[in-house]
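Given next are the chains, with one letter for each unit.
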Number of protein chains: 2
Amino acid sequence: MRNIKITLQYKGTAYFGWQKQNNFPTIQGKLEEALFCLTGEQIEVEGSGRTDRGVHAVGQVANFCMQNTMPLKNLKTALNDLLPIDIRIVKVSPAKGDFHARFSAKRKTYQYFVQVGGQRNALKSDVLAFFPFEVDLEKMQKASKLLIGKHNFKGFCSADTTATNFEREIFDLQIKKRGRIFVFTVTGSGFLYNMVRIIVGTLLEVGRGKLSDKDLKLALSTGERKYAGKTMEPCGLYLKKVEYL
Amino acid sequence: MRNIKITLQYKGTAYFGWQKQNNFPTIQGKLEEALFCLTGEQIEVEGSGRTDRGVHAVGQVANFCMQNTMPLKNLKTALNDLLPIDIRIVKVSPAKGDFHARFSAKRKTYQYFVQVGGQRNALKSDVLAFFPFEVDLEKMQKASKLLIGKHNFKGFCSADTTATNFEREIFDLQIKKRGRIFVFTVTGSGFLYNMVRIIVGTLLEVGRGKLSDKDLKLALSTGERKYAGKTMEPCGLYLKKVEYL
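Rules of the game
- Residues numbered from 1 in each chain as written.
- Chains lettered and ligands numbered in written order.
- Predicted model: local features only at pLDDT ≥ 70, side-chain atom pairs only at ≥ 80, totals over all residues.
- Heavy atoms only, no water.
- Helix = DSSP H or I, 4+ residues; strand = E, 2+ residues; numbered from the N terminus.
- Rg over C-alpha atoms; globule rule 2.2 N^0.38 Å.
- Contact = heavy atoms within 4.5 Å.
- Areas by Shrake-Rupley, 256 points an atom, 1.4 Å probe, with all protein chains shown as cover.
- Lys, Arg positive; Asp, Glu negative; His and termini not counted.
- Charge placed at Lys NZ, Arg CZ, Asp CG, Glu CD.
- Least-squares fit on C-alpha atoms with pLDDT ≥ 70 in both.
- Buried < 20%, exposed > 50% of the residue type's maximum accessible area, 1.4 Å probe, protein only.
- Domains from an automatic or database assignment.
- Buried area = accessible area lost by both parts, 1.4 Å probe.
- Salt bridge = Lys/Arg side-chain N within 4 Å of Asp/Glu carboxyl O.
- Polar contact = N/O pair within 3.5 Å; in protein donor to acceptor, adjacent residues only side chain to side chain.
- Nonpolar A, V, L, I, M, F, W, Y, C, P; charged D, E, K, R; others polar.
- Arc of directions from axis to C-beta.
- Phe/Tyr/Trp six-rings, centres within 6.5 Å; stacked < 30°, edge-to-face > 60°.
- Lys NZ or Arg CZ within 6 Å of the ring centre and 35° of its normal.

> Describe the overall build of chain A, and please don't skip the residues or the numbers.
Along the backbone of chain A there are 5 helices and 10 strands. Here the C-alpha atoms of chain A give a radius of gyration of 19 Å, agreeing with the 18 Å that 2.2 N^0.38 yields for 245 residues. Counting only C-alpha atoms, chain A reaches 60 × 40 × 30 Å along its principal axes. Sequence-distant contacts, at least 24 apart, represent 70% of the contacts inside chain A between residues at least 6 apart. Here chain A has roughly 11,600 Å² of accessible surface; of this, 49% comes from carbon and sulfur atoms. Side-chain charges in chain A split into 38 positive and 23 negative, and the spacing between the mean points of these groups amounts to 3 Å.

In structure tokens, the structure reads:
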């Protein structure tokens, strides 16, 4: 059995998230179908993490074990021929036997793109989020510093989670503005369910003046969801990079 | 009755084209539903032309007559609140009684965006077409000159058309390259069914060396579809502008 690592990009709009489901198209489901079609083997694909319905990826990583011995270059081409055009394998490489896309991951980077104010762009309605109110960039940048480091992020996690340990570490959080588009780039040890979307929703409310640094601190110290902002829509979220060091 | 002109943009991916159909979502259908919901009037919306399934618009124009007297600014806001986010009204203005979005149109501009070579981008799979072969820009630019002017474009029209007059005038056709992305911008008096997509498909085959200027001239002179290139996919096509002079 060979252990194979793949890096892939996908547009999440048409899928019910990463995780395989009966009767609904998912990224994992499409990958496993393509692998079965190609090799006849029932291959389980492990992703670095589950992305939600409507969330995109430019650098998702996954791995799987297969018996088939075809050259990896051919495997990449053959998989891309079988996959829908909104899922593309970018890289295929051999992995050590103990490599596991989820358990071996050390850092993940997500980006969130949101247009602030103005009129929503129909052409980007599924790849760019929208926030109708003006915001203060410096206020958001200042508040974002409070999130850096190891914290209990229960207050920034959807109630639907199955997690029991809410400690995560955020290594870096940058906010940049290009015209009306704000780009949040956050790198962490891992992320809870909806965590990035809630962080962005909270920072935007701070930027708008509806929440303060104090609310953000309370969300961190109490773990209560009510102190944080709304969960932003999935369409602005991109899994950018997974690092294994 | 007021005659009202609207300018709108839409992402065509989720729609079965402009023209209203039973049981399938279309742009015209969504507009008429929103107008009915807002006014209780059965209002027929006339577009400058039908865009096909999967084709986008950044400057589509339409008009309709309504009895409702609400201020136009409110009409724009109310319609955008009712419409799906991938259809946005950009402008609403009063029109003269005889203004007709289709019959009054004098010039239309379409743009076609295609990535040439390299790997297809999953994130842009529904807004950017793909052509896997390298092409020669100058060859395409030279051939494109043959299409300028008044011609019988039957050879560049889908067999499914209901048209009987195939004469159209092309005022301008520009091809620009930004890295791997080629942008075709074509302005004409009007376009036949699939005409822009067939023109682009033909020029790309010329650029690739599979068709020559001679084939293009034959397609024009004989009106036979077989001399022209393939119909390119709809996702690269944008209705950019409609002019009424």
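> Go over the relation of the copies chain B and chain A with me, naming the residues and quoting the values.
With an RMSD of 0.0 Å, the fit of chain B onto chain A corresponds to turning through 180 degrees and sliding 0.0 Å along the axis. Taken together, the turn and the small shift mark the pair as related by a two-fold rotation axis. Both copies contact each other with a shared surface, as 100% of the interface residues of chain B are interface residues in chain A too.

> Talk me through the environment of B:Ala78; I want residue IDs and the actual numbers.
All names here are of chain B. Note on placement: alanine 78 falls in helix H2 (residues 72-82). Relative accessible area serves as the criterion here: at 17%, alanine 78 is assigned to the buried category. As for alanine 78 and valine 183, which are separated by 105 residues in sequence, their C-alpha atoms are 35 Å apart.

> Lay out the domain arrangement of chain A with the relevant residues and their values.
Residues and elements named next belong to chain A. Considered domain by domain, chain A is made up of domain 1 (2-94) and domain 2 (106-244). Counting from both sides, the interface comprises 16 residues of domain 1 and, opposite them, 16 residues of domain 2. Counting the surface lost from both domain 1 and domain 2, the interface buries some 1,200 Å², and carbon and sulfur atoms represent 56% of this. The largest per-residue losses of area from domain 1 upon contact with domain 2 belong to Ser48, Asp52 and His56, which jointly make up 38% of the total buried on that side. For the pair domain 1 and domain 2, the interface holds 2 salt bridges. The salt bridge involving lysine 11 is made with aspartate 126; its shortest N-O contact spans 2.7 Å. The tally of links between domain 1 and domain 2 comes to 10 residue pairs in polar contact (both at pLDDT 80 or more). Counting residues per element, the side of domain 1 that touches domain 2 draws most heavily on strand E3 (residues 56-66), at 6 residues. Here the side of domain 1 that touches domain 2 is composed, by residue class, of 4 nonpolar, 8 polar and 4 charged.

> Pulling in residues and values, what's your account of the pattern of salt bridges?
In total, this model carries 20 salt bridges over all chains according to the counting rule given. Between B:Glu205 and B:Arg208 there is a salt bridge, and its shortest N-O distance comes to 3.3 Å. Highlighted residues: B:Glu205 and B:Arg208, both in helix H4 (residues 195-208), separated by 3 residues, approximately one helical turn. Judged by relative accessible area, B:Glu205 falls into the buried class, the value being 10%. Residues joined in a network through salt bridges with shared partners are A:Lys11, A:Asp126, B:Lys11 and B:Asp126.

> How would you summarise the interface of chain B and chain A if you had to cite specific residues and measurements?
Contact residues are listed per partner, giving 22 residues for chain B and 22 residues for chain A. Here chain B packs against chain A, burying approximately 1,600 Å² in sum over the two surfaces, 59% of which is carbon and sulfur. On the chain B side of the interface with chain A, the three residues burying the most area are B:Ile85, B:Gln119 and B:Leu123, jointly 38% of the side's total. Taken together, chain B and chain A are joined by 2 salt bridges. Among the elements of the structure, strand E1 (2-10), strand E3 (56-66), H2 and strand E4 (87-94) of chain B are those that each provide at least two residues to the side of chain B that touches chain A. Per-element tally for the side of chain B that touches chain A: the top contributor is E4(B), with 4 residues. In terms of residue class, the side of chain B that touches chain A is built from 10 nonpolar, 6 polar and 6 charged.

> Explain helix H3 (residues 137-144) of chain B to me, and be specific about the residues and the numbers.
Residues and elements named next belong to chain B. Among the residues making up H3, those that are buried are Met140, Ala143 and Ser144. Along the axis of H3, the buried positions cluster into a sector of 100 degrees, meaning they face one direction only. Exposed residues on H3 whose side chains face more than 90 degrees from its buried face are Glu138 and Lys142. Against strand E8 (167-178), strand E9 (181-188), H4 and helix H5 (213-222) lie the buried residues of H3. With a side-chain oxygen positioned 2.9 Å from the backbone nitrogen of glutamate 138, the residue opening H3 is aspartate 136.

> Before we move on, can you summarise the packing of aromatic side chains with the specific residues and values?
With the rule as written, the count across this model stands at 14 aromatic pairs over all chains. Aromatic side chains A:Phe131 and A:Phe133 sit 5.5 Å apart centroid to centroid with 80 degrees between the ring planes, which places their arrangement in the edge-to-face category. With 6.3 Å between their ring centres and 35 degrees between their planes, B:Tyr10 and B:Trp18 make a pair best called tilted. On the basis of relative accessibility, which here comes to 2%, the residue B:Trp18 falls in the buried class. Positioned above the aromatic ring of A:Phe133, the side-chain terminus of A:Arg208 is 3.5 Å from the ring centre. Over the aromatic face of B:Phe16 sits the side chain of B:Arg53, whose NZ or CZ is 4.0 Å from the ring centroid.

> Go over helix H5 (residues 213-222) of chain A, please, and point to the residues and values.
Residues and elements named next belong to chain A. For H5, the full list of buried residues reads Asp213, Leu216, Ala219 and Leu220. End-on view of H5: buried residues confined to an arc of 120 degrees, all on one side of the axis. Every exposed residue of H5 that faces more than 90 degrees away from the buried side is listed here: Lys214 and Ser221. On its buried face, H5 is in contact with helix H3 (137-144), strand E7 (149-152) and helix H4 (195-208). Immediately beyond the C-terminal end of H5, within one or two residues, lies glycine 223, with a positive phi of roughly 75 degrees.

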